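Structure assessment
If you want the building blocks of each chain, they are given just below.
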Amino acid sequence: MEITSNSDKRKLLSCLCHGSIFLSTILFSIGVPIAINLVADDPVIKSNAKESINFHLNVWFWATVIGVPIGILSWITFGIGGILFFPVIALGFAIHWGLTIWALLHCLAQPDEPFRYPFIFRIF
């Protein structure tokens, strides 16, 4: 007899993995899906945890690639560059939060299917 994880446990742990990205300004936010990946035995939860880890790494990578040049330009132009590139920064946050909300809604609606973020690089 195979023991399966109940739907509520899947929903909770999968949502914790994906929702931890809202704490991405704290570097320890990636620890939540890493810890869940280490202790969970359910393949769907593990898959959601790995996808969340990959999303964390992508968000940090693109924030660095886009944020550092904008920060340097803003510093050189005494803040004008930051004001001019505000729409780019706002779009980045909208995509970041929008994809996370999409992942959370997917985990709540379809707990037996792992979520896959579109257009990200997968390391794990």
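The structure reproduced in this document is the subject of the present report. What you see is a predicted model; the values in this text were computed from it and never measured. (Residues numbered from 1 in each chain as written. Predicted model: local features only at pLDDT ≥ 70, side-chain atom pairs only at ≥ 80, totals over all residues. Heavy atoms only, no water.)

Where nonpolar side chains cluster on the molecular surface, the patch consists of Phe-61, Trp-62, Val-65, Ile-66, Leu-73, Ile-80, Leu-84, Phe-85, Val-88 and Phe-121 and spans about 920 Å² of accessible area. Secondary structure elements with two or more residues in the nonpolar patch: α3 (43-76) and α4 (80-84). Broken down by element, the residue count for the nonpolar patch peaks at 5 residues, all from α3. One can find Val-88 in helix α5 (residues 86-109). Here Val-88 falls in the partly exposed class, since its relative accessible area comes to 39%. (Patch = residues over 30% accessible without salt bridge, like charges linked within 9 Å, V, L, I, M, F, W, Y side chains within 5 Å. Areas by Shrake-Rupley, 256 points an atom, 1.4 Å probe, with all protein chains shown as cover. Salt bridge = Lys/Arg side-chain N within 4 Å of Asp/Glu carboxyl O. Helix = DSSP H or I, 4+ residues; strand = E, 2+ residues; numbered from the N terminus. Buried < 20%, exposed > 50% of the residue type's maximum accessible area, 1.4 Å probe, protein only.)

Okay, the packing of aromatic side chains next. Following the criterion strictly, the structure yields 7 aromatic pairs and no others. Following the ring pairs from residue to residue traces out a cluster consisting of Phe-55, Trp-102, Phe-115 and Tyr-117. (Phe/Tyr/Trp six-rings, centres within 6.5 Å; stacked < 30°, edge-to-face > 60°.)

With that settled, consider the layout of surface pockets. Estimated volume of the largest pocket: approximately 680 Å³. Val-59, Trp-62, Ala-63, Gly-92 and His-96 are the residues nearest the centre of the largest pocket, which is lined by 24 residues in total. Contributing elements (two or more residues each) for the lining of the largest pocket: α3 and α5. Per-element accounting of the lining of the largest pocket gives the leading share, 9 residues, to α5. Of the residues that constitute the lining of the largest pocket, the class distribution is 18 nonpolar, 6 polar and no charged. (1 Å grid on protein atoms, 1.4 Å probe; cavity = no way out; pocket = protein on both sides within 12 Å on 5 of 7 lines; lining within 4 Å. Points joined across faces, edges and corners; volume = space filled by probe spheres on them. Nonpolar A, V, L, I, M, F, W, Y, C, P; charged D, E, K, R; others polar.)

Across its 13 residues, helix α1 (residues 7-19) extends 18 Å between first and last C-alpha, which sits within 8% of the 18 Å expected from 1.5 Å per residue. Taken as a whole, α1 has its buried residues at Arg-10, Leu-13, Ser-14, Cys-15, Cys-17, His-18 and Gly-19. (Expected span 1.5 Å × (residues − 1).)

The residue Asn-48 is located in helix α3 in this model. Linking Asn-48 and Leu-16, residues 32 residues apart in sequence, is a C-alpha distance of 9.7 Å. Those residues in contact with Asn-48 that lie beyond four places of it in its chain are Ser-14, Cys-17, His-18, Cys-107, Pro-114 and Phe-115. (Contact = heavy atoms within 4.5 Å.)

Among the nonpolar cores identified, the biggest contains 8 residues, and these are Ile-21, Phe-55, Val-59, Leu-99, Ala-103, Phe-115, Tyr-117 and Ile-120. The residues contacting Tyr-117, other than those within four sequence positions of it, are His-18, Glu-51, Phe-55, Leu-99, Thr-100, Ala-103 and Arg-122. In this structure, Leu-13, Ala-40, Ile-45 and Ala-49 belong to the second largest nonpolar core, which totals 6 residues. (Core = buried A, V, L, I, M, F, W, Y, C linked by side-chain atoms within 4.5 Å.)

Keep in mind these numbers describe shape, not what the thing actually does.
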